[in-house]
Amino acid sequence: MKITAPLCATAAVALVALTLTGCTENTPESSGDGSVQITSTADACDVSTATAPGGTVKFQIKNAGTQVTEFYLLAEDGLRIVGEVENIGPGLSRDLIVIAPEGKYITACKPGMIGEGIRADFALTAAPAGQAVSADRAKLGETAVTLYTAYVKDQIEQLVTGTGDFADAFAAGDTAKAKELYAAVRMHWERIEPVAESFGDLDPILDAREADLEPGQKWTGWHRAEKDLWPPATGYTAMTKAERGKLAEKMVADTNELAKRVQDLEYNPATLANGAKELLDEVATGKVTGEEEIWSHTDLWDFQANVDGARIAYEDLKPLLAGSAAALDEQLQNRFTDLQKLLDQHKRGAGFIYYDELTEAQKTELSSAVDALAEPLSKLTAAVAK
Amino acid sequence: MTANFLIGLREGLEAVLVVVLLLAYLKKSGRTHLYPRIFAGVGVAVAISLAFGAILTFGPRGLTFEAQEAIGGGLSILAVGFVTWMVFWMATASRTMASDLRGKVDTAADGSSWALVLVAALAVGREGLETALFLWAATRATGETWEPLLGAGLGILVAVGLGVLLHRGAVRINLSKFFTWTGAALIVVAGGVLAYGVHDLQEAGMVPGLHNLAFDVSHIISPSGFLGTLLKGVFNFSPATTWLEAIVWVLYVVPVMFIYLRRVNAVKPPQAAVQPAEATA
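Residues numbered from 1 in each chain as written. Chains lettered and ligands numbered in written order. Predicted model: local features only at pLDDT ≥ 70, side-chain atom pairs only at ≥ 80, totals over all residues. Heavy atoms only, no water.

**Quick look at the sheet that holds strand 5 (residues 55–63) of chain A**
Residues and elements named next belong to chain A.
Okay, so step 1: The strand order across the open sheet built from four strands is 3-2-5-8, with neighbouring strands paired in mixed fashion. Only two strands of the sheet have a single partner each, and these edge strands are strand 3 (45–47) and strand 8 (93–100). The sheet shows a mean angle of 20 degrees between the axes of neighbouring strands, direction not considered.
Okay, so step 2: Sheet analysis places strand 2 (residues 36–40) next to strand 5, joined by five bridges and oriented parallel. Residue pairing for strand 5: Gln37 is matched across the bridge by Gln60. (Pairing = 2+ DSSP bridges. Helix = DSSP H or I, 4+ residues; strand = E, 2+ residues; numbered from the N terminus. Axes fitted to C-alpha atoms, helices over the stretch in contact; angles between N-to-C directions.)

Below, the structure written as structure tokens:
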């Protein structure tokens, strides 16, 4: 009939396309045969090696039992099937070829084709050079991490330089210049705050607020300098030149130490997403309340920097959302834009107005924009880890 | 031996069933001269499957797991489309036959029956690649006996034998009942094939819900046992069925069966009147 011709054509095209895209090397390029040998019996599932190079991996499954068996390569969660061979009759060997990236997996034989199967952990190492791994998401995740790592390193470099300038001005008693640099330099810190906070010893000595000091803890870092630059009207003794010099020196030394440690940090898409969420929580708990910069009232600089950091992490992860979480992506995009529009209203010159110049209504408005962004942002980790 | 025999039997039954019903239909409608077309379709499917299997087993390139599942699942769903079309085409054609005299079957119907070649090819081909890979693996089993190959071969032979018996039985049923039952049987079979195709796509990760089981009776009906084999071979019944498979099966079988039975009932009276004894030959 009339419908058959187009159907035939579709079928033929589909089959050819599948065959072409699905074709892969029968023998992996790695040395020798390189295949992983599996022997399945009634009560055992012997795997010749627990690790193999990723990329194109070949499993040769031998059924040495008396029942029909199946072999599965499962993802780390034990649920997603990466590859399987069904119907391996007794006495037979079948091959399974999968294209899989580096990572943890689980092997399983199912003699009699029932139940969970006999499982074992299995690991794939990095694919040999030149071998393409089709797991696009893995690649997208890697790109995101590479981009974000570069961003963190760039920010930390600017922080080191900026801290040096600030420390010089502060130690030299150039209060006007130090005040000018204070908020701008701190932005480099605030943009990568979750990274800095991952070092539990450095964060308090660089960024502790007076109100949060533990008994007996010596107050150092940015907020100590802040109080001296914007001193309260009464009951405060200004730092001596020597005290200022010592504080400045320590800030430079601690920041250099931070920069050194950051070089070795490793991220994955989930840490990026969590970091973005943490940054926004910072805004919600510290900046929106005006607690962070209680003397200088430069909270909006920090606010902007936290949002920047979260937005960069999100934008780096964006390709992972395309298709799989397009709705979330659009929502995040809109909420970031909304929040930025609000912040832009409070810009003055290169910086912002002081936080104590905001009306209560404006603060509430900012607060609800932050909450509106925090809600979809909390779903980012799950979406990129898919 | 038994296990490999059962595999052959199951794969054989899956392929043979649709072909038998096709042949019986042609016989009933007095168009045995179209038999070669069906066999041509089967032959092409077997040849392609064996060739593909041989290339993938012995050649330098293999097929990734995703591609195998996608081909299996895709062909199954395609086969369902064709079988459904065929069931309704038969119902319509039988109406024409009822009003015309035997031998005056219109040529248009004959022309369209080229599509039967495709239906036969798809029915065999969708399981063909899997079976071929199995058979070639059996021939390659170095240092082993030829038992797996013999077992699977016997299984396929028995399936074909059952097909022949079924064919004979089907040809003996009276005409009007025959059309109703073959059509209905094909719809149930096609529903199973559809669910099976969906399962393949679930395993390939193209469709979600692989682990949401509607029911799991694999402890009662062992998938490797004789009953499991038979149910799987005939209805594509899986002892552990996912919700999506179950839903797809119901959504296909119930409305299609309803429409089909209504249409068949509408043509029943004239058919019974003309029912010619010589049609059974």
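**Remarks on the packing of aromatic side chains**
All names here are of chain A.
Okay, so step 1: In total, this model carries 15 aromatic pairs over all chains according to the counting rule given.
Okay, so step 2: Consider the rings of Tyr182 and Trp222, whose centres lie 5.8 Å apart with planes at 70 degrees: the pair is edge-to-face. Of this pair, Tyr182 sits in helix 3 (residues 175–191) while Trp222 sits in helix 6 (residues 222–229); the two residues are 40 residues apart in sequence, bridging distant segments of the chain. In this structure, Tyr182 and Trp222 share a single accessibility class: buried.
Okay, so step 3: Every member of this aromatic cluster is reached through a ring pair, and the members are Phe166, Phe170, Tyr182, Trp222 and Trp230. (Phe/Tyr/Trp six-rings, centres within 6.5 Å; stacked < 30°, edge-to-face > 60°. Buried < 20%, exposed > 50% of the residue type's maximum accessible area, 1.4 Å probe, protein only.)

**With respect to the packing of helix 1 (residues 2–28) of chain B against helix 8 (residues 226–235) of chain B**
All names here are of chain B.
Okay, so step 1: Where helix 1 meets helix 8, the axes come as close as 7 Å, and the angle between the chain directions of the two elements is 25 degrees. Considering the angle they form, helix 1 stands roughly parallel to helix 8. Read as a crossing pair, helix 1 and helix 8 show a hand that is right-handed. Here helix 1 contributes Leu6, Leu9, Arg10, Leu13, Glu14 and Leu17 to the contact with helix 8, which in turn contributes Phe226, Thr229, Leu230, Lys232, Gly233 and Val234.
Okay, so step 2: Tallied by class, residues from the contact of helix 1 with helix 8 come to seven nonpolar, two polar and three charged. (Parallel < 35°, antiparallel > 145°, perpendicular 65-115°, else oblique. Left-handed = near helix turned anticlockwise from the far one by under 90°. Contact = heavy atoms within 4.5 Å. Nonpolar A, V, L, I, M, F, W, Y, C, P; charged D, E, K, R; others polar.)

**Re unusual backbone geometry**
Okay, so step 1: Its identity is not glycine, yet Met113 of chain A carries a phi of approximately 60 degrees, on the positive side.
Okay, so step 2: Mapped onto the fold, Met113 of chain A is located in the loop between strand 9 (103–109) and strand 10 (118–125).
Okay, so step 3: A residue is classified by how much of its surface remains accessible, and Met113 of chain A, at 14% relative accessible area, is buried.
Okay, so step 4: In the Ramachandran plot, Asn236 of chain B falls in the positive-phi region, its phi being about 60 degrees despite a non-glycine side chain.
Okay, so step 5: Along the chain, Asn236 of chain B turns up in the loop between helix 8 and strand 3 (240–242).
Okay, so step 6: A residue is classified by how much of its surface remains accessible, and Asn236 of chain B, at 7% relative accessible area, is buried.

**Some thoughts on a nonpolar patch on the surface**
Okay, so step 1: A grouping of Trp146, Leu150, Leu154 and Leu157 of chain B is seen on the molecular surface, where their side chains present a nonpolar patch of about 440 Å² in accessible area.
Okay, so step 2: One can find Leu157 of chain B in helix 6 (residues 147–172). (Patch = residues over 30% accessible without salt bridge, like charges linked within 9 Å, V, L, I, M, F, W, Y side chains within 5 Å. Areas by Shrake-Rupley, 256 points an atom, 1.4 Å probe, with all protein chains shown as cover. Salt bridge = Lys/Arg side-chain N within 4 Å of Asp/Glu carboxyl O.)

**Points about the sheet that holds strand 4 (residues 51–53) of chain A**
All names here are of chain A.
Okay, so step 1: The strand order across the open sheet built from five strands is 4-10-9-6-7, with neighbouring strands paired in mixed fashion. The outermost strands of the open sheet, each flanked by one partner alone, are strand 4 and strand 7 (81–88). When strand polarity is set aside, the average angle formed by the axes of neighbouring strands in this sheet is 20 degrees.
Okay, so step 2: Here three bridges tie strand 4 to strand 10, and the two strands are oriented parallel to one another.

**Here we look at the UniProt feature "transmembrane region" (unreviewed entry) in chain B**
Okay, so step 1: Those residues carrying the UniProt feature "transmembrane region" (unreviewed entry) are residues 6–26, 38–58, 70–93, 114–137, 149–166, 178–198 and 240–261 of chain B in this numbering.
Okay, so step 2: Structurally, residues 240–261 of chain B is divided into 86% helix and 14% strand, and its ends, taken at the C-alpha atoms, are 30 Å apart. (UniProt positions renumbered as here; feature names shortened; annotations may be inferred.)

**Remarks on the confidence of the model for chain A**
All names here are of chain A.
Okay, so step 1: Chain-level statistics for chain A give a pLDDT mean of 84 and a share of 88% at 70 or above.
Okay, so step 2: Low pLDDT, under 50, characterises residues 1–23; the stretch is placed with 24 contacts to residues that sit more than four places away or in other chains.
Okay, so step 3: Considering only residues more than four positions removed or in separate chains, one finds that residues 27–32, a stretch of pLDDT under 50, has six contacts. (pLDDT = per-residue confidence, 0-100.)

**Things to note about the environment of His346 of chain A**
All names here are of chain A.
Okay, so step 1: As for its placement among the helices and strands, His346 is situated in the loop between helix 10 (326–344) and strand 11 (347–348).
Okay, so step 2: Relative accessible area serves as the criterion here: at 3%, His346 is assigned to the buried category.
Okay, so step 3: Counting along the chain gives eleven residues from His346 to Glu357, while the straight-line C-alpha distance between them is 9.6 Å.
Okay, so step 4: With residues up to four places along the chain from it excluded, the contact list for His346 reads Leu300, Phe352, Ile353, Leu358, Gln362 and Leu366.

**Description of the environment of Tyr72 of chain A**
Okay, so step 1: Tracing the chain through its elements places Tyr72 of chain A in strand 6 (residues 69–75).
Okay, so step 2: Given a relative accessible area of 7%, Tyr72 of chain A falls into the buried group.
Okay, so step 3: Every residue in contact with Tyr72 of chain A, bar those within four places of it in the chain, is listed here: Ile81, Gly83, Glu84, Glu86, Ile106, Thr107, Ala108 and Lys110 of chain A together with Glu203 of chain B.
Okay, so step 4: Looking at Tyr72 of chain A, its side chain comes within polar contact range of the side chain of Glu70 of chain A, at 3.0 Å.
Okay, so step 5: Polar side-chain contacts of Tyr72 of chain A include one of 3.5 Å to the side chain of Glu84 of chain A. (Polar contact = N/O pair within 3.5 Å; in protein donor to acceptor, adjacent residues only side chain to side chain.)

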